[in-house]
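Architecture at a glance
Spelled out, the chains give:
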Amino acid sequence: MERSLTIKSARKVGGLLHALVKTAKHGVDEFMTDRLGEEFNARLARVPLALGTASVDPFGLDPDWTKYALASVAVLHRHYFRTQVFGAENVPQKRVLFVANHSGQIPIDGALIGASLFMDVEPPRFVRAMVEKWSQTLPFVSLLFSRVGQVVGVPENAKRLLEREEALLVFPEGSRGIAKTFDQRYKLTDFGLGFMRLAMETNTPIVPVAVIGAEEQYVSVKNLASLAKVLRMPSFPLIPQMLLPMGFMPLPVRYRIYFGEPMRFAGDPDDEDSVIEEKVARVRSTVQAMVHRGVRERESVFF
Amino acid sequence: MTDRPILVTGACGRLGKRLVRALHRTSSVVGVDRRAFDDKPADVVHEQLDVRRKKLKDVFRAHRPRAVVHLGIMHDPRASAAEHHSWNVSGFAKLLEYVAQFEVPKLIVLSSANVYGPQPDNPQFLSEDAPLLGGARFSEIRDLVEVDILAQSFFWKEPRTETVILRPVHILGTVRNAASNFLRLNPIPTLLGFDPMIQVIQEQDVVSAIVRALEPQVRGVFNVAGPDPMPLSHAVRILGKAALPVPYTLGKLAMRRLWSLRLTSFPAPELDHIRFVCMVDDKRARELLGFRPQVPLAQTVLSVLEETWNG
């Protein structure tokens, strides 16, 4: 008796929540069309997807979830960061590995590259990225990541995605890159080797990507590495702007994203590190050159 | 050769009965189970005995089976750990001894994809050479891992026997296993903020995979998957049931409590199955066994609600 009552009230709450979500969804749909234009919906229809019976892909990507995630990022992309995209014509239609510089303390760069590949590239793509495995133990976070196409960062997943002709984004600098202090801005740190072996094994073209603007969104004067270690965080940046009202918001810098020409590498993916390192250096110097050019060409950080 | 029978252990389970019915039209079949085989097809021989008994050897001697299909793994979570271990591992070791002694040409062991175990850092699809970590957190599955490993070493030790290890994903249907029982609950408890991708397979598809594995020349380890993977919430939706999302820490505490009061048959570590991904890559089974699941996703899920399933 009591049990059925609990279930009934649980159902009632569930029903209410459902109605609420529905209204919210409707509101967001209108806002999206308003802000991003009908074009946004037309683009959604053109994304190449391979969905299963349960209308998700094998990694759990749900186009319905991705739509809302992309819409919120796209609003930032267009209206807050006013992103300019260069070299969109360089993006291949099939499998592709994007190798980008990483910066900005929090990975807004990844989100904006994702938005660019949806808003400014033809055909529009849902870019896939790799997330830390501990994120899988976090409720809601793991769910959200999976539904918007972010997969656990293990080599098997990367390989499988590329074999499915997906677009994969990697930051070979990892957390070293994103935690750079302001005086180190636009100087690339070391690249890992994994992405090159992956590209060679799956015969995937590498598209170098340069992101300009992220370095100025949060000005970090120092990274307290030892404190970060104690707190088990990847970094602990000191960001003076945080003391200002609304200081947690990134500065409204203008992002410029450059897609370079695809680079192809042949050879044995299991070759010695020294051989792989030389190939990685070519990609790294290409990205670094694109970054330098981008910084030189921009006239203002904010406009 | 053809008059030598196929020996099926665990023949009186729901899966066992289904397999026996699929086999007995084309081959003679000997069932072994300590339970009685009611509604047994007339031409099937049933030996009601415990696999740990010496008498099992007489069965091998008398029937000279051309193949052994081992389904006789005890899943009863209420039996003591010692009973479990002695039944599953010692019983299986005996069986292997006789398979070697009587030179049975084919051995099929029904393991499970659960031997890999749900882990936060699992690749989305595990291949057959992934480590068997299922027992790391969940001791009840250690038997199953041990059986799988025993079968693997038998594969190398006895090359005259074609050993096949099948690792199917969650089997759904009239079977009384954890996955099917879980989906029979109403409402179905889930973990708040978690909705992992899962793979399921209908019991009839498992039977056809076993039948394919009986073909000569087939040997090795095969992951066996059913229709497309889906989020757990999708299965709940197919069943038209309500989900009852519970925060993980609360869920774990509640399960421990209920378990110690013997009010649930799901041990707390099983919660990881509705938290993390444990899915398999069935490429080998598709390529080498030519196996394709036939039962569509919705029907597979709905079959847990039926007492007898004739899809």
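Bear in mind that the values here come from a model prediction, so they are computed numbers and not experimental data. (Residues numbered from 1 in each chain as written. Chains lettered and ligands numbered in written order. Predicted model: local features only at pLDDT ≥ 70, side-chain atom pairs only at ≥ 80, totals over all residues. Heavy atoms only, no water.)

With respect to the overall build of chain A
The helix and strand tally for chain A stands at 10 helices and 9 strands. Over its C-alpha trace chain A gives a radius of gyration of 21 Å, about what one expects of a compact globule, namely 19 Å for 303 residues. Each principal axis of the C-alpha distribution contributes one length, and for chain A these read about 70 × 50 × 45 Å. Looking at chain A as a whole, 46% of its 303 residues qualify as buried. Contacts in chain A between residues at least 24 apart in sequence constitute 78% of all its contacts with a sequence separation of at least 6. Summed over its atoms, the accessible surface of chain A is roughly 15500 Å², and 60% of this surface lies on carbon and sulfur atoms. Of the charged side chains in chain A, 38 are positive and 34 negative; the average position of the first set lies 5 Å away from that of the second. (Helix = DSSP H or I, 4+ residues; strand = E, 2+ residues; numbered from the N terminus. Rg over C-alpha atoms; globule rule 2.2 N^0.38 Å. Buried < 20%, exposed > 50% of the residue type's maximum accessible area, 1.4 Å probe, protein only. Contact = heavy atoms within 4.5 Å. Areas by Shrake-Rupley, 256 points an atom, 1.4 Å probe, with all protein chains shown as cover. Lys, Arg positive; Asp, Glu negative; His and termini not counted. Charge placed at Lys NZ, Arg CZ, Asp CG, Glu CD.)

Re the interface of chain A and chain B
Taken residue by residue, the interface counts 25 residues in chain A and 24 residues in chain B. Counting the surface lost from both chain A and chain B, the interface buries some 2000 Å², and carbon and sulfur atoms represent 60% of this. Summed over the three residues of chain A that lose the most area to chain B, namely Ala54(A), Pro58(A) and Arg160(A), the buried surface amounts to 23% of that side. Linking chain A with chain B are 3 salt bridges. One salt bridge in this structure joins Lys133(A) and Asp121(B), with 3.9 Å as the shortest N-O distance. Breaking the side of chain A that touches chain B down by element, the ones donating at least two residues are helix H1 (2-36), helix H5 (141-147) and helix H6 (155-163) of chain A. Its residues placed into classes, the side of chain A that touches chain B shows 11 nonpolar, 7 polar and 7 charged. (Buried area = accessible area lost by both parts, 1.4 Å probe. Salt bridge = Lys/Arg side-chain N within 4 Å of Asp/Glu carboxyl O. Nonpolar A, V, L, I, M, F, W, Y, C, P; charged D, E, K, R; others polar.)

Some thoughts on the sheet that holds strand S6 (residues 162-168) of chain B
All names here are of chain B. Spatial ordering of the open sheet is given by S3-S2-S1-S4-S5-S6-S11, a layout of 7 strands whose pairing is parallel. Since the sheet does not close on itself, it has two edges, and those belong to strand S3 (45-48) and strand S11 (220-224), each with one partner. Neighbour to neighbour, the strand axes of the sheet diverge by 15° on average, direction disregarded. Taken together, the 4 bridges between strand S1 (residues 6-9) and strand S2 (residues 29-33) define a ladder with parallel strand orientation. Across the sheet, residue threonine 9 finds its bridge partner in S2, namely valine 32. (Pairing = 2+ DSSP bridges. Axes fitted to C-alpha atoms, helices over the stretch in contact; angles between N-to-C directions.)

Details of the environment of Arg298(A)
Residue and element names in this part refer to chain A. By the secondary structure assignment, arginine 298 is in the segment after helix H10 (273-297). Look at arginine 298 and you get buried, because its relative accessible area is 12%. In this structure, the C-alpha to C-alpha distance between arginine 298 and glutamate 216, residues 82 residues apart in sequence, is 13 Å. Residues within four places of arginine 298 in sequence aside, it is in contact with Tyr186, Ile212, Gly213, Glu216 and Arg256.

Describing the sheet that holds strand S5 (residues 167-170) of chain A
Residue and element names in this part refer to chain A. Spatial strand order, S1-S9-S6-S2-S5-S3-S4: 7 strands in an open sheet with mixed pairing. One side of each edge strand has no neighbouring strand; the edge strands of this open sheet are strand S1 (84-86) and strand S4 (151-152). Here 2 bridges tie strand S3 (residues 128-131) to S5, and the two strands are oriented parallel to one another. Of the residues in S5, the one forming a bridge with alanine 129 is leucine 169. Against the sheet, helix H4 (residues 108-119) contacts S1, strand S2 (96-100), S5, strand S6 (206-212) and strand S9 (256-259), and its axis sits at roughly 65° relative to S9.

Quick notes on the packing of helix H3 (residues 81-101) of chain B against helix H4 (residues 142-157) of chain B
Each pair of packed helices gets described by two things: the angle between the helix axes and the distance between those axes. Residue and element names in this part refer to chain B. Contact pair H3 / H4: the axes reach a minimum separation of 9 Å and the direction vectors enclose 15°. What the angle tells us is that H3 and H4 run roughly parallel. With respect to the hand of their crossing, H3 and H4 are arranged in right-handed fashion. Every residue of H4 that contacts H3 at His84, His85, Asn88, Val89, Phe92, Ala93, Leu96, Val99 and Ala100 is listed here: Asp143, Glu146, Val147, Leu150, Ala151 and Phe154. (Parallel < 35°, antiparallel > 145°, perpendicular 65-115°, else oblique. Left-handed = near helix turned anticlockwise from the far one by under 90°.)

Things to note about the side chain of Asn223(B)
All names here are of chain B. Here asparagine 223 lies in strand S11. Of the polar contacts made by the side chain of asparagine 223, one reaches the side chain of tyrosine 116; its length is 2.6 Å. If sequence neighbours within four positions are ignored, asparagine 223 has contacts with Tyr116, Leu126, Ser127, Glu128, Arg167, Val280, Asp281, Asp282 and Ala285. (Polar contact = N/O pair within 3.5 Å; in protein donor to acceptor, adjacent residues only side chain to side chain.)

Here's the deal with the packing of aromatic side chains
Under the counting rule described, the total for this entry stands at 11 aromatic pairs over all chains. Centre to centre, the rings of Tyr80(A) and Phe81(A) are 4.9 Å apart; their planes meet at 85°, and the pair counts as edge-to-face. Ring centres of Phe191(A) and Phe195(A) lie 6.1 Å apart, and the angle between their planes is 75°; this geometry places the pair in the edge-to-face category. Like Phe191(A), the residue Phe195(A) is buried in the burial classification. Chaining the aromatic ring pairs together yields one cluster made of Phe40(A), Phe118(A) and Phe126(A). The aromatic ring of Tyr248(B) is capped on one face by Arg275(B), whose charged end is 3.7 Å from the ring centroid. (Phe/Tyr/Trp six-rings, centres within 6.5 Å; stacked < 30°, edge-to-face > 60°. Lys NZ or Arg CZ within 6 Å of the ring centre and 35° of its normal.)

Any functional reading would require information beyond the geometric quantities listed.
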